[in-house]
Amino acid sequence: MQTEVMFAGFGGQGILASGKILAQAAMTQGFEVAWVPSYGPEMRGGTAYCLVVISDAPIGSPIVKRPQHLVAMNRPSMEKFAPMLKPKGTILINTTLIPVDAGRDDLDQVMVPATALSSALGNSKAANVVALGAFIARTGILAFETLIATVKAEFAQKEKLVDLNLNALEAGRASALDPCRGQSI
Amino acid sequence: MAKVLMKGNEAIAEAAVRAGCLNYFAYPITPQSEIGEYLARRLPEVGGMFLQAESEIAVVYMLYGAAGCGARAFTSSSSPGISLMSEGISYLVGAQLPAVFVNIMRGGPGLGGILPSQADYLQAVKGAGHGDCRMFVLAPASVQEAADMMADAFALAEKYRNPVMVLGDGLIGQMMEPVSFKAQKAVAMENKSAWATTGMSARDGNTPNLVKSLHLDPALLNQHNLDLKAKYERMAREEMRWEMYNAEGDYQVLLVSFGTMSRVCRTAVDMLKAKGVDVALLRPITLFPFPEEQIAMAAERSCCKAVLSVEMNMGQMVDDVKRSVGRQKPVSWYGKCGGEVPTPEEVAGVVEKTIADMDFT
Amino acid sequence: MARFFTRPQSLADRPTHYCPGCTHGVIHRLIGEVIDELNLQGDTVGVAPVGCAVLAYNYFNFDFQEAAHGRAPAVATGIKRVRPDLMVFTYQGDGDLASIGMGEIVHAASRGEKFTTIFVNNAVYGMTGGQMAPTTMPGQRTTTSPFGRDVDRVGMPIKVAELLAALPTPAYVTRQSVITPKYINRAKKAIHKAFQLQMRNACYSFVEIVSTCPTNWGMTPVEAIAWTENTLLAYYPLGDVKMPEVMEVTSAN
């Protein structure tokens, strides 16, 4: 089985970082993984995206035309990548910055105000981790505990950020599992 | 050792250090600058030497000077930077010095682009430098393989006293995959006292060592080239590497593809298999020496009706594939370049069209 | 019988290919003598250029590397960075150093690489047959400036010693000549000083030596010496251009 998750947003939204946390967590749980970034001048403030491929067998092509899932952190990236998703995939929409839905009724659309939830925690920069927590809670592609352990390890050098990011994961999970917010097909 | 999630560029850098290479010269260029950034921090930790040079031209001659002293050294760059090093690669070959080059290819020609490409195939395997000059070329298809190849590259460079290139692309450099570093003991360079400029007092006797490539006597230069040729032929006999995928059955088409592109092809082979279409993949792991015999044998199978060379360029390796297959089977090319990586669906589509276009009845 | 004049150990017992009246032989000998005096024969690596001195390694008796045209400073950097204990010098002509190799010499000097450059400036390309060099004098006829160097078209000759001395890092930059015994003695002292500074790990050192090329100048050796004295030295003044603060000056007078 192979799963692909694309993370997309503005440069500076921690797109590559949340993808890396997912890849790291998947590896910890014994999966084969590949993390494929966009790179170059577009990293400096423009659109950033990365693709995480997770599989129980060696990964062939790390280039995937139609990923299964998308974590969209801003509107241009949602509009660009949502049409590419495979049917029955999941799209996480950061509703703080994206006032519309994906316009597809064959996807599980998870509406999470990631940036607002992060700001409520005192730092809007953890929105990527809120979104990641919400995405994993909704899809269950990895054990949430693995994600928590990975975040702890990832921020071990920056102790101040551990609690913020653990709270961000939790806020994401709560939001995704709140039946009043999530909107599914 | 436990697996760590690493970018290809960083894994290459770490693997070089673990292979006992403590000397690195380079000039920044996308998409491989992380190699230098990693080593600028890492080498001082192990008593190594990192130097950012003023240009790739200076880099290659710094490498020459260091290698000429019998020091294990390497550099990394991307396509335009390798072009600038081309003259020096020829000098390294001529002077028979061991050195390792990593080329994380980007699109060309000219400034081209910064995204993954395999458009330096011909440069690496045929046109590394002026004169009858050949580099040993290894093509990794994963971060793990790129890391593993670094130790091999130094061993090969020193065994043959010839430059070795690890030819990756922007995807190999930028992608993160799990990698485990083999527990290995770095082996010291052998027999360097016979040729390296270590200072005469470091050796027995009173004979200076000269590192040079100038042979003004035509008979001597001819002999020098014959010696180099014999070395290349020995590489072909002893070091050829390739890999077959799905070649057990009665495949209708043989794909030949290297590096990142070969992984896309592997997925295409799986997709086609699910549809009942049998296709085999041959992945050259060494591009020079090139697995001609292996390709010829795989193409000779009566089930095989056509050969398709799939590359991230406008058709470079296909010439070598044609040479290997001869006229026995049709050989064609499919590819894209400039950062457009063909998808498995596209490759599968081309294979199906190839089959449909041939009337097997 | 006592011997007062012998071949330095560091020089090979082999006749050179240099033209009559060429000063490369004198400069080679000075290098050989200094290396013997400093007892560095077994710890020296020379770097040969492309130019008339391309075969310099045939005339010395210690390890040598041959560089590509202009790249000797990069090669020497590579050597010295992996073997800081060795005494390393580049031996370069004016086409090699001041034209194609200007980038490498400036950056090696600016990084303060701990090697020495012996820069043999004779204002012309020698080996390729007398073409105009960056150091060719205004009005000087060469095969590629048959009507004399036209400074309106190609600018004035480059004073390399002054150029390098303008960099903050290099500490010992000097210009010498070998056209008279007096100058030869001073040039030898400068080379001695440069190698000593290097072995003390003090600094990058640069010794320019204004030299002759009777063949490509179309002169007899005697005429060439006079032309060097009257024309070249008027534009390329001898003496130390830059000295480490602690050292005494190698006077040109």
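Residues numbered from 1 in each chain as written. Chains lettered and ligands numbered in written order. Predicted model: local features only at pLDDT ≥ 70, side-chain atom pairs only at ≥ 80, totals over all residues. Heavy atoms only, no water.

**Thoughts on the overall build of chain C**
For step 1, the next point in the chain: Secondary structure assignment for chain C yields 9 helices and 7 strands.
For step 2, the next point in the chain: By the compact-globule yardstick of 18 Å for 253 residues, chain C fits well, its C-alpha radius of gyration being 17 Å.
For step 3, the next point in the chain: Seen through its principal axes, chain C has C-alpha atoms that stretch 50 × 50 × 35 Å.
For step 4, the next point in the chain: Looking at chain C alone, contacts between residues at least 24 apart form 68% of all its contacts between residues at least 6 apart.
For step 5, the next point in the chain: About 9800 Å² of surface is accessible on chain C, with carbon and sulfur atoms providing 55% of the total.
For step 6, the next point in the chain: Of the side-chain charges in chain C, 22 are positive and 21 negative, and the distance between the mean point of each set is 2 Å. (Helix = DSSP H or I, 4+ residues; strand = E, 2+ residues; numbered from the N terminus. Rg over C-alpha atoms; globule rule 2.2 N^0.38 Å. Contact = heavy atoms within 4.5 Å. Areas by Shrake-Rupley, 256 points an atom, 1.4 Å probe, with all protein chains shown as cover. Lys, Arg positive; Asp, Glu negative; His and termini not counted. Charge placed at Lys NZ, Arg CZ, Asp CG, Glu CD.)

**What about the overall build of chain B?**
For step 1, the next point in the chain: Helices and strands together make up the secondary structure of chain B, namely 12 helices and 15 strands.
For step 2, the next point in the chain: In summary, chain B has a C-alpha radius of gyration of 21 Å against a globular reference of 21 Å for 361 residues, a match within 12%.
For step 3, the next point in the chain: Across its three principal axes, chain B shows a C-alpha extent of roughly 75 × 50 × 40 Å.
For step 4, the next point in the chain: Going through the 361 residues of chain B one by one, you find that 60% of them count as buried.
For step 5, the next point in the chain: Contacts spanning at least 24 positions in sequence make up 80% of the contacts within chain B whose residues lie at least 6 apart.
For step 6, the next point in the chain: Taken as a whole, chain B presents about 13500 Å² of accessible surface, with 53% of it coming from carbon and sulfur. (Buried < 20%, exposed > 50% of the residue type's maximum accessible area, 1.4 Å probe, protein only.)

**Here's the deal with the pattern of salt bridges**
Oppositely charged side chains may form a pair once their charged atoms are brought near each other.
All names here are of chain B.
For step 1, the next point in the chain: Enumeration according to the criterion identifies 39 salt bridges over all chains in this entry.
For step 2, the next point in the chain: Note that Glu352 is salt-bridged to Lys275, the shortest N-O span being 3.1 Å. In this pair, Glu352 is assigned in helix H12 (residues 344–357) and Lys275 in the loop between helix H9 (259–274) and strand E12 (279–284), connecting sequence segments 77 residues apart.
For step 3, the next point in the chain: Here Lys275 falls in the exposed class, since its relative accessible area comes to 57%.
For step 4, the next point in the chain: One continuous salt-bridge network, built from bridges that share partners, spans Glu14, Arg18, Arg42 and Glu45. (Salt bridge = Lys/Arg side-chain N within 4 Å of Asp/Glu carboxyl O.)

**Focus: the packing of helix H3 (residues 56–68) of chain B against helix H4 (residues 79–95) of chain B**
Residues and elements named next belong to chain B.
For step 1, the next point in the chain: Following both chains from N to C, one finds H3 and H4 inclined at 20°, their axes separated by 7 Å at the closest point. It follows that H3 is roughly parallel to H4 by the angle criterion. Like other packed secondary-structure pairs, H3 and H4 cross with a definite hand, here right-handed. Note on element contacts: H4 touches H3 through Gly81, Leu84, Met85, Glu87, Gly88, Ile89, Tyr91, Leu92 and Ala95, opposite Glu56, Ile57, Val59, Val60, Tyr61 and Tyr64. (Axes fitted to C-alpha atoms, helices over the stretch in contact; angles between N-to-C directions. Parallel < 35°, antiparallel > 145°, perpendicular 65-115°, else oblique. Left-handed = near helix turned anticlockwise from the far one by under 90°.)

**A closer look at H9(B)**
For step 1, the next point in the chain: Taking 1.5 Å per residue, 16 residues should reach 22 Å; H9(B) reaches 24 Å between its end C-alpha atoms and fits that length.
For step 2, the next point in the chain: Directly after H9(B), the chain includes Gly276(B), whose backbone phi takes a positive value near 85°. (Expected span 1.5 Å × (residues − 1).)

**Section: the state of the cysteines**
Think of a disulfide as a covalent bridge from one cysteine sulfur atom to another cysteine sulfur atom.
Residue and element names in this part refer to chain B.
For step 1, the next point in the chain: Scanning the entire structure with this criterion turns up 0 disulfides over all chains.
For step 2, the next point in the chain: Sulfur of Cys304: no disulfide; nearest cysteine sulfur belongs to Cys303 and is 6.2 Å away.
For step 3, the next point in the chain: Classification of Cys304 by relative accessible area gives buried; the value is 1%. (Disulfide = S-S within 2.5 Å.)

**Focus on the interface of chain C and chain B**
For step 1, the next point in the chain: Counting residues at the interface gives 31 residues for chain C, matched by 35 residues for chain B.
For step 2, the next point in the chain: Counting the surface chain C buries against chain B, the share from its top three residues, Asp63(C), Gln65(C) and Glu66(C), is 23%.
For step 3, the next point in the chain: The interface formed by chain C and chain B holds 2 salt bridges in total.
For step 4, the next point in the chain: Put simply, Glu54(B) and Arg111(C) hold a salt bridge, and the shortest N to O gap is 2.8 Å.
For step 5, the next point in the chain: The set of elements that each furnish at least two residues to the side of chain C that touches chain B consists of strand E2 (63–66), helix H2 (72–82) and helix H4 (102–111) of chain C.
For step 6, the next point in the chain: The residue inventory of the side of chain C that touches chain B, partitioned by class, reads 13 nonpolar, 9 polar and 9 charged.
For step 7, the next point in the chain: Sheet analysis places strand E9 (residues 210–211) of chain B next to E2(C), joined by 2 bridges and oriented parallel. Among the inter-strand pairings, Leu210(B) is bridged to a residue of E2(C), identified as Phe64(C). (Buried area = accessible area lost by both parts, 1.4 Å probe. Nonpolar A, V, L, I, M, F, W, Y, C, P; charged D, E, K, R; others polar. Pairing = 2+ DSSP bridges.)

**Some words on the sheet that holds strand E14 (residues 306–311) of chain B**
All names here are of chain B.
For step 1, the next point in the chain: Spatially, the 5 strands line up as an open sheet ordered E10-E12-E11-E14-E15, and their pairing is mixed. Edge strands, defined here as strands with exactly one partner in the open sheet, are strand E10 (242–245) and strand E15 (331–335). Strand-to-strand twist across the sheet, computed as the mean angle between neighbouring axes with direction ignored, equals 25°.
For step 2, the next point in the chain: In this sheet, E14 lies alongside strand E11 (residues 253–256) in parallel orientation, the contact comprising 4 bridges. Its bridge partner being in E14, Leu254 is matched across the sheet by Val307.

**As for the side chain of Gln13(A)**
Residues and elements named next belong to chain A.
For step 1, the next point in the chain: With respect to the helices and strands, the residue Gln13 is situated in the loop between strand E1 (2–10) and helix H1 (15–28).
For step 2, the next point in the chain: Of note is the side chain of Gln13, whose polar atom sits 2.7 Å from the backbone nitrogen of Phe10.
For step 3, the next point in the chain: Of the polar contacts made by the side chain of Gln13, one reaches the backbone oxygen of Met73; its length is 3.4 Å.
For step 4, the next point in the chain: Not counting chain neighbours up to four residues away, the residues in contact with Gln13 comprise Met73, Asn74, Asn94, Leu97 and Asn128. (Polar contact = N/O pair within 3.5 Å; in protein donor to acceptor, adjacent residues only side chain to side chain.)

**Some remarks on the sheet that holds strand E7 (residues 163–169) of chain B**
Residue and element names in this part refer to chain B.
For step 1, the next point in the chain: With mixed pairing, 7 strands are arranged side by side in an open sheet as E3-E2-E4-E5-E7-E6-E13. Whereas interior strands pair on both sides, the edge strands pair on one side only; in this sheet they are strand E3 (49–52) and strand E13 (286–288). Going across the sheet, the axis of each strand differs from the next one's by a mean of 20°, ignoring polarity.

**Quick look at the packing of aromatic side chains**
For step 1, the next point in the chain: With the rule as written, the count across this model stands at 21 aromatic pairs over all chains.
For step 2, the next point in the chain: Summarising the aromatic geometry, the rings of Tyr24(B) and Phe74(B) are spaced 4.9 Å apart at their centres and angled 55° between planes, so their arrangement reads as tilted. Here the residue Tyr24(B) occupies a position in strand E2 (residues 23–26), and Phe74(B) occupies one in strand E4 (residues 73–77), the gap between them amounting to 50 residues.
For step 3, the next point in the chain: Between Phe62(C) and Phe64(C) the ring centres are 5.6 Å apart and the planes differ by 20°, which places this aromatic pair in the stacked class. In this pair, the class of Phe62(C) matches that of Phe64(C), namely buried.
For step 4, the next point in the chain: Put simply, the rings of Tyr57(C), Phe60(C), Phe62(C), Phe64(C), Phe89(C) and Phe195(C) touch in pairs and so form one group of aromatic residues.
For step 5, the next point in the chain: Directly above the aromatic system of Phe144(A) lies the positively charged group of Arg173(A), at a separation of 4.2 Å from the ring centroid.
For step 6, the next point in the chain: Over the face of the ring belonging to Tyr245(B) we find Arg266(B), whose NZ or CZ atom lies 5.8 Å from the ring centre. (Phe/Tyr/Trp six-rings, centres within 6.5 Å; stacked < 30°, edge-to-face > 60°. Lys NZ or Arg CZ within 6 Å of the ring centre and 35° of its normal.)

**Considerations on the nonpolar core**
For step 1, the next point in the chain: Counting residues in hydrophobic clusters, the biggest one holds 151 residues, and the most contacted among them are Phe74(B), Met150(B) and Leu254(B).
For step 2, the next point in the chain: Each of domain 1 (4–195 + 228–236) and domain 2 (243–357) of chain B accounts for three or more of the residues forming this core.
For step 3, the next point in the chain: Ignoring sequence-local partners within four residues, the contact set of Phe74(B) consists of Ala16(B), Cys21(B), Asn23(B), Tyr24(B), Phe25(B), Ile35(B), Leu39(B), Leu63(B), Val100(B), Val102(B), Met150(B) and Phe154(B).
For step 4, the next point in the chain: With 44 residues, the next largest nonpolar core counts Val33(A), Ile54(A), Leu164(A) and Leu169(A) among its residues. (Core = buried A, V, L, I, M, F, W, Y, C linked by side-chain atoms within 4.5 Å. Domains from an automatic or database assignment.)

**A closer look at the arrangement of the chains**
For step 1, the next point in the chain: No other pair of the 2 pairs of chains in contact has as many contacts as chains B and C.
For step 2, the next point in the chain: There is a clear gap between chain A and chain C: no contact, and 28 Å between their nearest C-alpha atoms.

It is worth stressing that arrangement in space is one thing and function is another; only the former is reported here.
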